[in-house]
Structures are given as C-alpha cells and as structure tokens.
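Notes for the structure review
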Amino acid sequence: RIDELVAGTRAQMIVKLFGENSDILKQKTAEIASILSGIEGATDVQPEVVAGQPYVSVVVDREKIARYGINVSDVLSVIEIALGGKVASQIYDESKVFDLILNFPDSTRASAQALGEILIDAKQGYSLPLTSLADIRVEEGPVQISRENAQRRMAVELNVEGRDIGSFVAAAQKQIKEKVTLPECTGLWWKRKR
C-alpha cells in the first residue's frame, strides 16, 4: 500500500505521459503501451482508461428562445433541476438542518429523448418541449482527467517478469525514444518501485 500511495499504482512500473492535449496524450499512450507489450518480460500492460463515459450535451439555440421571449438562464435552470436537482428549501429537525431538493423523476432523466420532452414555459403563457429550443445529444467524453503537479497526465501500468527491472527500463526507454515522436510540450516520466 505504501508503494501505491507513493507511485499511484499497484503495478511494478508506471510510465506517465504529461501534456495538455488529451487526444495527443491518448494516442501516444497507446503507442507506448504497444511498444512495451512487445518487450521481453512485460506483463499486464494496461494503458489508463480515459474515455468512454457518456455525457448529455444540451446546446441552447439562442435564436429560437429569443422568438419566444425565453432566457438562456430559464432553460438552464430547468435542465439543472432535471439532472442534478436543486435545493428548494430547508427542513429543521431540532438542531439538524436538511436540504429539500427538487429533481425530476428517474424516467425523465433516463435518456436524452425523455429529457427533450421537458416543457419550458414561454412568456406568452404556453410551454414548449426542450427539443424545440435546444440540441440534445449523448456524447462520449472522458471518464477521468488525471493531473499531477498541475499537469494533465496519462499513464501505462505494467509488471515485469523473468528479467530485472533495470534492464527492462533501459530497453523500453531506447525503443520509445526510437519509435515514438513526442511533441515538445509533452513529457515522459518513469516511476518504478524499489
């Protein structure tokens, strides 16, 4: 557990790649993982999983809402209540205070289509479905964004079997230097457990 706390991994080795462009980091991490997999002694080579989380994206069409006299903040407030809930009041029970949170039922939050059916009140006294005022999509985004010393990073974890770690690191550094072109803003850092 101490090694895990110091290095941030349970694996014997971790290769950390630093930079600000997540697409480049993802691409270079995959290249490095591929190279490491081909080196004698490498086992359990695992690039950090950073993508695959579904996100609901709601982009309000400002021209459409202006026609109906609706403010962006009105639309976003309804979306906030629907997805995350909003504190409406507080309940006092002797010395304890509890927030009373309003949110929409799970059936409304279950899909982008159901979210699009939420009605938004217009100034003229009628309601419009959210789909007529905004573009609602489910997009894939990051599962996590790891940072270390205020820099974005991705990593490849691995174990070494059948050879000493020092010779493995030397071989890996040589192959990565020959086969992977890193942009100037990207750094590569090795951490091995002693």
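Presented here is an overview of the structure given in this document. Keep in mind it's a predicted model, so treat the numbers as computed, not measured.

Attention now moves to the overall build of the protein chain. A tally of helices and strands in the protein chain yields seven helices and eleven strands. Expressed as lengths along the three principal axes of its C-alpha atoms, the size of the protein chain is roughly 75 × 50 × 30 Å. Among the 194 residues that make up the protein chain, the fraction classed as buried is 32%. Across the protein chain, the fraction of contacts at a sequence separation of at least 24, relative to all contacts at a separation of at least 6, is 70%. Within the protein chain, one finds 24 positive and 27 negative side-chain charges whose respective centroids are separated by 6 Å.

With that settled, the discussion passes to a nonpolar patch on the surface. The grouping of Val56, Leu83 and Val138 at the surface amounts to a nonpolar patch, some 240 Å² of accessible area in total. Inspection of the secondary structure assignment puts Val138 in strand β8 (residues 134-142). On the basis of relative accessible area, Val138 is assigned to the exposed category, the value being 53%.

Next up on the list: helix α2 (residues 22-37). Helix length check: α2, at 16 residues, gives a terminal C-alpha distance of 22 Å against a target of 22 Å (1.5 Å per residue), a fit within 8%. The opening residue of α2 is Asn21, an N-cap whose side-chain oxygen sits 2.9 Å from the backbone nitrogen of Asp23.

Okay, the pattern of salt bridges next. Inspection of the entire model under this criterion finds nine salt bridges. When the shortest N-O distance is used, the salt bridge between Arg137 and Asp135 registers 2.8 Å. With a relative accessible area of 39%, Arg137 lands in the partly exposed category. Residue Asp135 is classed as partly exposed on the basis of its relative accessible area, which comes to 35%. Several salt bridges converge on common partners, so that one network encompasses Lys16, Glu48, Glu148 and Arg153.

Bringing the nonpolar core into the picture now. If you look at the biggest cluster of nonpolar residues, it comprises 21 residues, and the most contacted ones within it are Ile32, Leu36, Val45, Val156, Leu158 and Phe168. Where this core is concerned, the elements lending two or more residues are β1 (13-18), α2, β2 (42-47), β10 (151-160) and α7 (165-179). The element that contributes the greatest number of residues to this core is α2, accounting for five residues. In this structure, Ile79, Ile120, Leu130 and Ile136 belong to the second largest nonpolar core, which totals 16 residues.

Here we take up the environment of Ser37. Relative to the elements of secondary structure, Ser37 occurs in helix α2. For Ser37, a relative accessible area of 44% gives the class partly exposed. In sequence terms Ser37 and Phe18 are 19 residues apart; their C-alpha atoms lie 21 Å from each other. Polar side-chain contacts of Ser37 include one of 2.9 Å to the backbone oxygen of Ala33.

When two helices pack together, you describe them by how their axes are tilted relative to each other and by the distance separating the axes. Closest axis-to-axis distance for the α2/α7 pair is 10 Å, and the angle between their directions is 130 degrees. Between α2 and α7, the interaxial angle falls into the category oblique. Where α2 crosses over α7, the handedness of that crossing is right-handed. Across the interface between the two elements, Ile32, Ile35 and Leu36 of α2 pack against Phe168, Ala172, Gln175, Ile176 and Lys179 of α7. Considering only residue class, the contact of α2 with α7 consists of six nonpolar, one polar and one charged.

What follows is about unusual backbone geometry. In this structure, Asp44 is a non-glycine residue whose phi angle is positive, near 55 degrees. Relative to the helices and strands, Asp44 resides in strand β2. The exposed category is assigned to Asp44, whose relative accessible area is 53%. Here the phi dihedral of Asn149 falls at roughly 55 degrees; this positive angle occurs in a residue that is not glycine. As for its position among the elements, Asn149 is in the loop between β9 (146-148) and β10. Exposure remark for Asn149: the relative accessible area of 71% places this residue in the exposed category.

Reading the values: rules and limits
Residues numbered from 1 in each chain as written. Predicted model: local features only at pLDDT ≥ 70, side-chain atom pairs only at ≥ 80, totals over all residues. Heavy atoms only, no water. Helix = DSSP H or I, 4+ residues; strand = E, 2+ residues; numbered from the N terminus. Buried < 20%, exposed > 50% of the residue type's maximum accessible area, 1.4 Å probe, protein only. Contact = heavy atoms within 4.5 Å. Lys, Arg positive; Asp, Glu negative; His and termini not counted. Charge placed at Lys NZ, Arg CZ, Asp CG, Glu CD. Patch = residues over 30% accessible without salt bridge, like charges linked within 9 Å, V, L, I, M, F, W, Y side chains within 5 Å. Areas by Shrake-Rupley, 256 points an atom, 1.4 Å probe, with all protein chains shown as cover. Salt bridge = Lys/Arg side-chain N within 4 Å of Asp/Glu carboxyl O. Expected span 1.5 Å × (residues − 1). Polar contact = N/O pair within 3.5 Å; in protein donor to acceptor, adjacent residues only side chain to side chain. Core = buried A, V, L, I, M, F, W, Y, C linked by side-chain atoms within 4.5 Å. Axes fitted to C-alpha atoms, helices over the stretch in contact; angles between N-to-C directions. Parallel < 35°, antiparallel > 145°, perpendicular 65-115°, else oblique. Left-handed = near helix turned anticlockwise from the far one by under 90°. Nonpolar A, V, L, I, M, F, W, Y, C, P; charged D, E, K, R; others polar.

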